[in-house]
Protein chains: 4
Amino acid sequence: MLKFAMFGASRIGAIHAANVAQHSGAELATISDVHRPSAEALAAKTGAKVVDVETALADPSINAVIIASSTDTHASLIEASAKAGKAIFCEKPVDLDAARVDRCLAVVKECGVPLSLGFNRRFDPSFRALQSAVAEGKIGKVEMVCITSRDPGPPPVSYIKVSGGLFRDMTIHDFDMARWLLGEEPTEVFAIGSCLVDPAIAEAGDIDTAIVTLKTASGAVAQITNSRRATYGYDQRIEVLGSTGMLKAENRTATTIELSNGEGVTRDKPLNFFLERYAEAYKAELDAFITAIEGGKAPAPTGEDGRRALVLADAATQSLKTGAPVKV
Amino acid sequence: MLKFAMFGASRIGAIHAANVAQHSGAELATISDVHRPSAEALAAKTGAKVVDVETALADPSINAVIIASSTDTHASLIEASAKAGKAIFCEKPVDLDAARVDRCLAVVKECGVPLSLGFNRRFDPSFRALQSAVAEGKIGKVEMVCITSRDPGPPPVSYIKVSGGLFRDMTIHDFDMARWLLGEEPTEVFAIGSCLVDPAIAEAGDIDTAIVTLKTASGAVAQITNSRRATYGYDQRIEVLGSTGMLKAENRTATTIELSNGEGVTRDKPLNFFLERYAEAYKAELDAFITAIEGGKAPAPTGEDGRRALVLADAATQSLKTGAPVKV
Amino acid sequence: MLKFAMFGASRIGAIHAANVAQHSGAELATISDVHRPSAEALAAKTGAKVVDVETALADPSINAVIIASSTDTHASLIEASAKAGKAIFCEKPVDLDAARVDRCLAVVKECGVPLSLGFNRRFDPSFRALQSAVAEGKIGKVEMVCITSRDPGPPPVSYIKVSGGLFRDMTIHDFDMARWLLGEEPTEVFAIGSCLVDPAIAEAGDIDTAIVTLKTASGAVAQITNSRRATYGYDQRIEVLGSTGMLKAENRTATTIELSNGEGVTRDKPLNFFLERYAEAYKAELDAFITAIEGGKAPAPTGEDGRRALVLADAATQSLKTGAPVKV
Amino acid sequence: MLKFAMFGASRIGAIHAANVAQHSGAELATISDVHRPSAEALAAKTGAKVVDVETALADPSINAVIIASSTDTHASLIEASAKAGKAIFCEKPVDLDAARVDRCLAVVKECGVPLSLGFNRRFDPSFRALQSAVAEGKIGKVEMVCITSRDPGPPPVSYIKVSGGLFRDMTIHDFDMARWLLGEEPTEVFAIGSCLVDPAIAEAGDIDTAIVTLKTASGAVAQITNSRRATYGYDQRIEVLGSTGMLKAENRTATTIELSNGEGVTRDKPLNFFLERYAEAYKAELDAFITAIEGGKAPAPTGEDGRRALVLADAATQSLKTGAPVKV
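For clarity, every value in this text was computed on a predicted model and none was experimentally measured.

**Thoughts on the overall build of chain A**
If you tally the helices and strands in chain A, you get 13 helices and 15 strands. Structurally, chain A occupies a C-alpha span of about 55 × 50 × 45 Å along its principal axes. Taking all 328 residues of chain A together, 59% fall into the buried category. Carbon and sulfur atoms make up 53% of the accessible area of chain A, which amounts to about 11800 Å² in all. Side-chain charges of chain A comprise 35 positive and 41 negative groups, with the mean position of each set lying 2 Å from the other.

Structure representation (structure tokens):
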């Protein structure tokens, strides 16, 4: 039985809390949040106690933590948890600064605790099945990975300002998927981008529309297309071309109904956003973490996976700025 | 080189005329129509000569006829053509009266000429591929055939009055498909029907909505659902359940485009009606006829196929009237 | 907070138990099963107490029951629960005998307790959305309902022997869907059927393949096609043709992946069986029941819905036996 | 009535010849080919006369030419035809060298004859419908164009050696589509590529796998993914993201059949290659050319469209070589 402390009673924290509560092999013991009413509201729903971070970390009966607080607190909470000997599940990213990530991961390594990053998409049933099929050789050698990743609408500009920019905030998930599916590290990154959705995003120094291309040492290529606005829902598709075939994962819909009339044949649009699309993935990633820790195995995706995705995001950011491809 | 006389310069006649004109192994020599201007218009497009039926049949250089005139003329034109020794391609049906069909087929048999009925759906690329897959055993033994057959809208009531009724006019195609796919003769027919589309159809003594169920000696079952109105186009689908799998043929569309927006994901509706949906089938059925005649083989579907479909239509008509299933 | 007693620790009971356990407005207090180890195993997972039926019904703190025991116990458990003043959620059917159902429903009525039948399909997100769209007039007036309902494989013959036959065991769900979607009572039933899957089913006096047609007073028609074997999974589709359009609900799949290679383009087959396909429906039906009871409203589907579906199943059974349509 | 001379009795020439032959407003008068037996074979099928180029151009009754000979002859045949005052339909490209194209187009301009390039994809029913929907504002302002373009297998290396390289030979069609759909000129091109399919292609100095990204002055972006090998057929898809929606055009298949069994649900793979996929497009582009010339209007796509696509192909070639984006 894994006993968890939760840091951060945010929307995503609430999801993890509910999933821990429903898991037969885990228990949510405590919740901490700088905004105490949030912690209390979530505690009321889950039966956990509200405590401060120090108390949680000092409790020897707690053997794991979930970090779902704001991004700027991740690295220090990871370090504190590592020093307290807890197994760590942390929402991505470790930090927006690669050097800070390095220092943080060094602490984790030194403390010898397991750390897993919340790259939830690896646990989406369709993406997982796709990756398994690739790994089983169903399409031969991977030659090209195409990732479509579009949000239904942009976040508030206040969020964009502290997000680290599109590539570190949004594309970082796609970089992780690209690495996972290529089965090989990208060595070159080129990015183009524009602000087409909302001028306020440009004023905040960011873009909302982008295309990133990647190339690996073996010559495999990948492309990621992003937009902060898809009026038809959360557009999350992947396509992998291999030497003997092609695999795709399409969007998911709430229902399978279809209306035929004089206008055409209309079916449901994709599920609205990540909470709906990745509901099963959130459950599965936590289950995988619990299973790994209980079984004494290293959980994945690792802190190193988080670092590498960030390195690609940094390279894309630099490419966008310089207008030239960047070697990684 | 097969030299054709065409009887009937109707819409369907015009299609056959164009297909003969484009065929490298055939030539359209003459066109006859009781309405001479129609014949002349079609002749102008195809380079054929306008002659009367007797002249065409008396021409020894003509070795085949296409009968595309009104239904009530089919049987006597078939008989006259048979006596003149021509190979005969006739639009369905031979006649609306089974006894008349029998007499007509007896003449054809006596004259020893080849006769094929225009059951065009057997030549639709998708239905043909489906039937081939069934015949190759891709789904094991056939257990259930489901045919969806709906017109975009009803014909004029004046047509309905002389049509022989829904089962002889419209369902007859579906009866042919059912026989073809079951690979076995239905021995029992049950039909229910209603007039839901237009009360004028009921006043004309007909129905516009129907469900027919069939059963064969081996216990295989089939169902046909008909409507004279599908606001989304010509709905022509087939599904065959077998002991080891299921085969479907879906509708065809003019394009493959798809619009995603806040309303949903909308693609093209089915092709509008038989001229569009079965354009390739009309071409293929004529090609098959020409190839068979040139190769000295019996063309199919045969006159007997026409007779058997009519027998099923008669049985359905009787079932509807009596409210009881009818043995065939 | 609704406090439940569960009667029957079967596979379906376990599902309801888990759904009650996860529901914030309900609590599973007790479990009863003639096979005590089953009850204990389920109790261990859910924290409920194992008690006998009498004890549960005598407990005034318990205000609702879930009946998930074998079919032959349903009617008497409903009656006992009704007399104890509990709100009742019962798996379909009330009983296989219509007269027994009548007596049971009379008791329920007399006791004035709410009763809902587990017609889970009404709560499937796709079927529910389809029915809502029909009810909102998206396709005008309903003219034809087509239900495809095929199991992945037959149950053991031992089960078939006590099942009441295909129409009362399997088609009963489809009869409920037909009534729900037609928005009107069928007045005529005709059924054909065969034993094509396993001769042992015929020896047990049952069929495994069937087509049922229904007609209502207004002339709307419906057809249901059943098979006990679909090698490609649980085939559960619905199609409704209306005066201004058509609505379909397609099968659901575990993933959206698609493999393209020289063989074709292959996607997932349908979910395997009812536990997978209707997992969300089981959750939703219980939630609807709890919400209705807590809100003082009558839950649906009602006992009367159960009775009417059984009447149709009886009519289909008689039609199969007599070879003639049956008026209802 | 347009009277055509055909230069080049190649595979693609044969298609155009058949389409002219079937067109009611055109006639194929002559065929010329350096390989006289090819010309004679095609002449035998179409009834055209075999003559040399000079004779054809000197014939005042001929008012249009179709150039379907090898690429290296295009520019001079265009010039000769222009000087002879013929309307010109030429297979893409005008030439592989941009300077040569400029000189050729100058001659055409001076002679004042109409010239159209065979960018057949603009006439594919699905792509055409997609572009029309974009032009009608169905998705608001165009933000991103994604083009998937993969051949079923590579051409012979001997062909690759004279092809001008992947971007000038294959991607040039995609550049034309990108320009057409963006409705704006790309101003920046970046390309990455690899040789993954056949090392002999690398030895010939070419690549077989590529990703190209484009950016326009307004900030709209486009990406093209190419491969010389798709084991599942000719993969030709387009997706356009706009401010209010998204439009896609999917692949086309020979049939709509679908096989469901224990392995999954399998439908047809895409049509095999351009002859099948673009059969309708070839017909439509010639019809559009004939209609334009007969109506005294300028046919499209124009020589300038050809030049601009080549400029993008050159830029991509340079980007691949230098590893840097290229301004256009």
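Okay, back to it.
**Quick word on the interface of chain D and chain B**
Taken together, the contact pairs 24 residues of chain D with 24 residues of chain B. For the chain D and chain B pair, buried surface summed over both sides reaches about 1800 Å², with 57% attributable to carbon and sulfur atoms. Broken down residue by residue, the surface that chain D buries against chain B is led by Thr256(D), Ile257(D) and Glu258(D), which jointly contribute 30%. At the junction of chain D with chain B, the criterion picks out two salt bridges. Note that Glu258(D) is salt-bridged to Lys248(B), the shortest N-O span being 3.8 Å. One can count eight residue pairs in polar contact (both at pLDDT 80 or more) joining chain D with chain B.

**Regarding the pairing of strand S8 (residues 186-194) of chain B**
Side chains on a regular strand alternate between the two faces of the sheet. All names here are of chain B. Summarising burial for S8: eight of the nine residues are buried, a large majority. As judged from the eight bridges shared by S8 and strand S9 (residues 209-216), these two strands associate in the antiparallel manner. Counted as the bridge partner of Glu-188 is Lys-215 from S9. Direction of pairing for S8 relative to strand S15 (residues 326-327): antiparallel, over a ladder of two bridges. Counterpart to Val-189 in the pairing with S15 is Val-326.

**Points about the relation of the copies chain D and chain B**
Note on the identical chains: chain D maps onto chain B by a rotation of 180 degrees and an axial translation of 0.0 Å, with an RMSD of 0.0 Å. Taken together, the rotation and translation describe the operation of a two-fold axis. Closest approach to the rotation axis within chain D is made by the C-alpha atom of Gln22(D), at a distance of 3.7 Å. Most of the interface of chain D is mirrored in chain B, where 100% of its interface residues are also at the interface.

**Brief notes about the confidence of the model for chain A**
In this model, chain A carries a mean pLDDT of 97, and residues with pLDDT of at least 70 account for 100%. Across the whole predicted complex the pTM is 0.96, and at the interface the ipTM reaches 0.95.

**What about the interface of chain A and chain D?**
Size of an interface: often given as the accessible area lost when the parts come together. Listed as interface residues are 42 residues of chain A and, on the opposing side, 42 residues of chain D. One can count six salt bridges joining chain A with chain D. Linking Glu239(D) and Arg237(A) is a salt bridge whose minimum nitrogen-to-oxygen distance equals 2.7 Å. Our enumeration of links across chain A and chain D arrives at 16 residue pairs in polar contact (both at pLDDT 80 or more). Within the residue set of the side of chain A that touches chain D, elements represented by two or more residues are strand S7 (142-150), strand S8 (186-194), strand S9 (209-216), strand S10 (221-227), strand S11 (235-242) and strand S12 (246-249) of chain A. Residues that form the side of chain A that touches chain D fall into these classes: 16 nonpolar, 16 polar and 10 charged.

**Some thoughts on the relation of the copies chain A and chain D**
Rotating chain A by 180 degrees and moving it 0.0 Å along the rotation axis overlays it on chain D with an RMSD of 0.0 Å. Taken together, the interface assignments show that 100% of the residues at the interface of chain A recur at the interface of chain D, consistent with an identical surface on both copies.

**Things to note about the side chain of Thr266(B)**
Within the element layout of this structure, Thr266(B) appears in strand S14 (residues 264-267). Only 2.8 Å separates the side chain of Thr266(B) from the side chain of Thr266(A), close enough to count as a polar contact. Residues contacting Thr266(B), with those up to four places away along its chain left out, are Glu263(A), Gly264(A), Val265(A), Thr266(A), Ile257(B), Glu258(B) and Leu259(B).

**Let's talk about helix H4 (residues 71-83) of chain A**
Residue and element names in this part refer to chain A. Here H4 has its buried residues at His-74, Ala-75, Leu-77, Ile-78, Glu-79, Ser-81 and Ala-82. Looking at the buried residues of H4, the elements they touch are strand S1 (2-7), helix H3 (53-58), strand S4 (64-67), strand S5 (87-90), helix H5 (98-111) and strand S6 (115-117). Phi turns positive one or two residues past the end of H4, at Gly-85, with a value near 80 degrees.

**Structural notes on the side chain of Ser319(B)**
Here Ser319(B) lies in helix H13 (residues 303-322). If we ignore the near neighbours within four places in the chain, the residues touching Ser319(B) are Val189(B), Phe190(B), Ala191(B), Ala324(B), Pro325(B) and Val326(B).

**Here we look at the packing of helix H4 (residues 71-83) of chain D against helix H5 (residues 98-111) of chain D**
All names here are of chain D. Taken N-terminus to C-terminus, the directions of H4 and H5 make an angle of 10 degrees; their axes are 9 Å apart at the nearest point. In terms of orientation, H4 and H5 fall into the roughly parallel class. Residues Ala-75, Ser-76, Ile-78, Glu-79, Ala-82 and Lys-83 of H4 touch H5, and the partners they reach there are Arg-100, Arg-103, Cys-104, Val-107, Val-108 and Cys-111. Grouping the constituent residues of the contact of H4 with H5 by class yields seven nonpolar, one polar and four charged.

**A word on the environment of Ala313(D)**
All names here are of chain D. Structurally, Ala-313 can be placed in helix H13 (residues 303-322). Between the alpha carbons of Ala-313 and Val-212 there is a distance of 9.8 Å; along the sequence they are 101 residues apart. When near neighbours in sequence (up to four residues on either side) are disregarded, Ala-313 contacts Phe-167, Arg-168 and Phe-175.

**What to know about the packing of aromatic side chains**
For the structure shown, the criterion picks out 26 aromatic pairs over all chains. An angle of 50 degrees between the planes, with centres 6.4 Å apart, marks the rings of Phe127(D) and Tyr278(D) as tilted. Note that Phe127(D) is positioned in helix H6 (residues 125-135) and Tyr278(D) in the loop between helix H11 (274-277) and helix H12 (279-294), a separation of 151 residues in sequence. Taken as a pair, Phe127(D) and Tyr278(D) share a single burial class, namely buried. An aromatic cluster is built from Phe127(A), Tyr234(A), Phe273(A), Phe274(A) and Tyr278(A), whose rings are joined through pairwise contacts. Stacked on the ring of Phe127(B), the Lys or Arg Arg277(B) has its end atom at 4.7 Å from the ring centre.

**Some remarks on the sheet that holds strand S3 (residues 49-50) of chain D**
All names here are of chain D. Across the sheet, six strands lie side by side as S3-S2-S1-S4-S5-S6; this open sheet has parallel pairing. In the strand order of this sheet, the two ends are held by S3 and strand S6 (115-117), each with one partner. Pairing analysis gives two bridges linking strand S2 (residues 26-32) to S3, with the strands arranged parallel. Directly across from Ile-31, in S3, lies its bridge partner Val-50. Sitting on the sheet, helix H2 (residues 36-46) touches S2 and S3, and the angle it makes with S2 is about 155 degrees.

**Thoughts on unusual backbone geometry**
Here the bond from Lys92(A) into Pro93(A) is cis, since omega is -5 degrees, no more than 30 degrees from zero. The topology assignment puts Pro93(A) in the loop between S5 and H5. At the junction of Ala300(C) and Pro301(C), the peptide bond is cis and its omega measures out at -5 degrees in the coordinates. Within the secondary structure, Pro301(C) sits in the loop between helix H12 (279-294) and helix H13 (303-322).

**A closer look at the sheet that holds strand S1 (residues 2-7) of chain C**
All names here are of chain C. Read across the open sheet, the six strands follow the order S3-S2-S1-S4-S5-S6; overall the sheet is parallel. In this open sheet, the two edge strands, each paired with only one partner strand, are strand S3 (49-50) and strand S6 (115-117). Sheet strands in contact with helix H2 (residues 36-46) are strand S2 (26-32) and S3, and its direction is about 155 degrees off that of S2.

**Description of the pattern of salt bridges**
Pairing of side chains with opposite charge becomes possible as their charged atoms draw close. Considering all chains together, one arrives at 104 salt bridges over all chains under this definition. Close ionic contact of Arg179(B) with Glu185(B) constitutes a salt bridge, the shortest N to O distance being 2.8 Å. The exposure class assigned to Glu185(B) is partly exposed, which follows from its relative accessible area of 31%. Here Glu304(D) ties to Arg308(D) by a salt bridge, and the two come within 3.0 Å at their closest N and O atoms. Placement of the pair is Glu304(D) and Arg308(D) together in helix H13, with a separation of four residues, close to one helical turn. Here the salt bridges do not stand alone but share partners, grouping Asp102(A), Arg122(A), Asp176(A), Arg179(A), Glu185(A), Glu304(A), Asp305(A), Arg307(A) and Arg308(A) into one network.

**Section: the pairing of strand S4 (residues 64-67) of chain C**
Residues and elements named next belong to chain C. Alternating positions in S4 separate into two faces, Ala-64 and Ile-66 on one and Val-65 and Ile-67 on the other, with burial throughout. Two elements, S1 and S4, share four bridges in a ladder whose sense is parallel. Residue pairing across strands places Ala-5 opposite Val-65, the latter belonging to S4. Two strands pair when backbone bridges link them, and S4 and strand S5 (residues 87-90) are joined in this way by four bridges, in the parallel orientation. Paired with Ile-67 across the strands is Cys-90, a residue of S5. Once you follow S4 into helix H4 (residues 71-83) and on to S5, the crossover reads as right-handed.

The rules we used
- Residues numbered from 1 in each chain as written.
- Chains lettered and ligands numbered in written order.
- Predicted model: local features only at pLDDT ≥ 70, side-chain atom pairs only at ≥ 80, totals over all residues.
- Heavy atoms only, no water.
- Helix = DSSP H or I, 4+ residues; strand = E, 2+ residues; numbered from the N terminus.
- Buried < 20%, exposed > 50% of the residue type's maximum accessible area, 1.4 Å probe, protein only.
- Areas by Shrake-Rupley, 256 points an atom, 1.4 Å probe, with all protein chains shown as cover.
- Lys, Arg positive; Asp, Glu negative; His and termini not counted.
- Charge placed at Lys NZ, Arg CZ, Asp CG, Glu CD.
- Contact = heavy atoms within 4.5 Å.
- Buried area = accessible area lost by both parts, 1.4 Å probe.
- Salt bridge = Lys/Arg side-chain N within 4 Å of Asp/Glu carboxyl O.
- Polar contact = N/O pair within 3.5 Å; in protein donor to acceptor, adjacent residues only side chain to side chain.
- Pairing = 2+ DSSP bridges.
- Least-squares fit on C-alpha atoms with pLDDT ≥ 70 in both.
- pLDDT = per-residue confidence, 0-100.
- Nonpolar A, V, L, I, M, F, W, Y, C, P; charged D, E, K, R; others polar.
- Axes fitted to C-alpha atoms, helices over the stretch in contact; angles between N-to-C directions.
- Parallel < 35°, antiparallel > 145°, perpendicular 65-115°, else oblique.
- Phe/Tyr/Trp six-rings, centres within 6.5 Å; stacked < 30°, edge-to-face > 60°.
- Lys NZ or Arg CZ within 6 Å of the ring centre and 35° of its normal.
- Right-handed = clockwise from strand over helix to strand, strands pointing away.

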